[in-house]
Amino acid sequence: MMTPGGSGRLKPLPMAMYAGYSGTASSWVAKTSVSASGKRIQREMAELNVDPPPDCSAGPKGDNLYHWIATIIGPSGTPYEGGIFFLDIIFPSDYPFKPPKLVFKTRIYHCNVDAAGNLSVEILRDSWSPALTITKVLQAIRSIFFKPEPYSPALPVIARLYLTDTEKHDEVAREWTLRFAK
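Residues numbered from 1 in each chain as written. Predicted model: local features only at pLDDT ≥ 70, side-chain atom pairs only at ≥ 80, totals over all residues. Heavy atoms only, no water.

Taken as a whole and assessed by the stated rule, the structure comprises six salt bridges. Asp88 is the partner of Lys105 in a salt bridge, and the nearest nitrogen-oxygen pair spans 3.9 Å. Within this pair, whereas Lys105 is found in the loop between strand S6 (101-104) and helix H2 (134-146), its partner Asp88 is found in strand S5 (residues 84-90), the two being separated by 17 residues in sequence. Taking the relative accessible area as the measure of exposure, Lys105 reaches 54% and is therefore exposed. Looking at Asp88, the relative accessible area reads 14%, which means it is buried. (Salt bridge = Lys/Arg side-chain N within 4 Å of Asp/Glu carboxyl O. Helix = DSSP H or I, 4+ residues; strand = E, 2+ residues; numbered from the N terminus. Buried < 20%, exposed > 50% of the residue type's maximum accessible area, 1.4 Å probe, protein only.)

This is how it looks when you write it as structure tokens:
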């Protein structure tokens, strides 16, 4: 690129002025372009809107494609029945090669959710695969309402109660749901 010089000749602009230009017209990168992970997240969002899992919804928080809010309604027949549970979903920049981070924002009495709301479930750790989608993740999270994973707990005390006295566990979980999720 050139700019008029004092003698009527064009002189080159400093390289710093080329912001993103590498020498050819086709190498300009738009500031609003979407990365591969962003395109994947957009595709999953469209699929989720067309066919959401039962009792689940999710979407971007504001205009940040990598930070979502999800809602899961406590399923019937569980101690979480009727509760409304909110989660934050943070997608890493290298999604889907790394799993999203999900954090319960609503307090919940569950052996797979620690006091800060962090989840301890296989699908977000050892079982993660780029073939998984946020829809499948939400289905897996919803499934722990029916069947907790007490052998890989975030809170071993709650897991122990679940394994030794399910009735008492469910009573406390119902109390927490009524107190924090309704």
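Turning our eyes to something else, we now look at helix H4 (residues 166-180). In a regular helix each residue adds 1.5 Å, so 15 residues correspond to 21 Å; H4 covers 21 Å between its end C-alpha atoms and thus fits that length. Among the residues of H4, those classed as buried are His169, Asp170, Val172, Ala173 and Thr177. The arc that holds the buried residues of H4, viewed along the axis, is 165 degrees, so those residues lie on one side. Residues of H4 that are exposed and point more than 90 degrees away from the buried face comprise Glu167, Leu178 and Arg179. Among the structural elements, S5 and helix H3 (156-164) are those in contact with the buried residues of H4. (Expected span 1.5 Å × (residues − 1). Arc of directions from axis to C-beta. Contact = heavy atoms within 4.5 Å.)

Attention now moves to H2. When the terminal C-alpha atoms of H2 are compared, their 19 Å separation across 13 residues agrees well with the 18 Å that a helix rising 1.5 Å per residue should span. Among the residues of H2, Ile134, Thr135, Val137, Leu138, Ile141, Arg142, Ile144 and Phe145 are the ones counted as buried. In this structure, the buried side of H2 is in contact with helix H1 (36-50), strand S3 (56-61), strand S4 (64-73), S5 and S6.

So, about the nonpolar core. Within the largest apolar cluster, 37 residues are counted, with the highest numbers of intra-cluster contacts made by Phe104, Leu119 and Ile141. Mapped by element, the contributors of at least two residues to this core are H1, S3, S4, S5, S6, H2, H3 and H4. With residues up to four places along the chain from it excluded, the contact list for Phe104 reads Phe85, Phe86, Leu87, Val113, Ala116, Gly117, Leu119, Ile141 and Phe145. (Core = buried A, V, L, I, M, F, W, Y, C linked by side-chain atoms within 4.5 Å.)

All right, on to the side chain of Thr177 then. Tracing the backbone shows Thr177 in helix H4. Relative accessible area serves as the criterion here: at 3%, Thr177 is assigned to the buried category.

Another aspect to go through is unusual backbone geometry. At the junction of Tyr95 and Pro96, the peptide bond is cis and its omega measures out at 10 degrees in the coordinates. Turning to its location among the elements, Pro96 is positioned in the loop between S5 and S6. Despite not being glycine, Asp55 shows a phi value in the positive range, around 60 degrees.

Attention now moves to the packing of H3 against H4. The geometry of H3 relative to H4 is characterised by a closest axis approach of 5 Å and an angle of 130 degrees between their N-to-C directions. Considered as vectors, H3 and H4 are oriented oblique to each other. Residues Ile158, Leu161, Tyr162 and Thr164 of H3 pack against Thr166, Lys168 and His169 of H4. (Axes fitted to C-alpha atoms, helices over the stretch in contact; angles between N-to-C directions. Parallel < 35°, antiparallel > 145°, perpendicular 65-115°, else oblique.)

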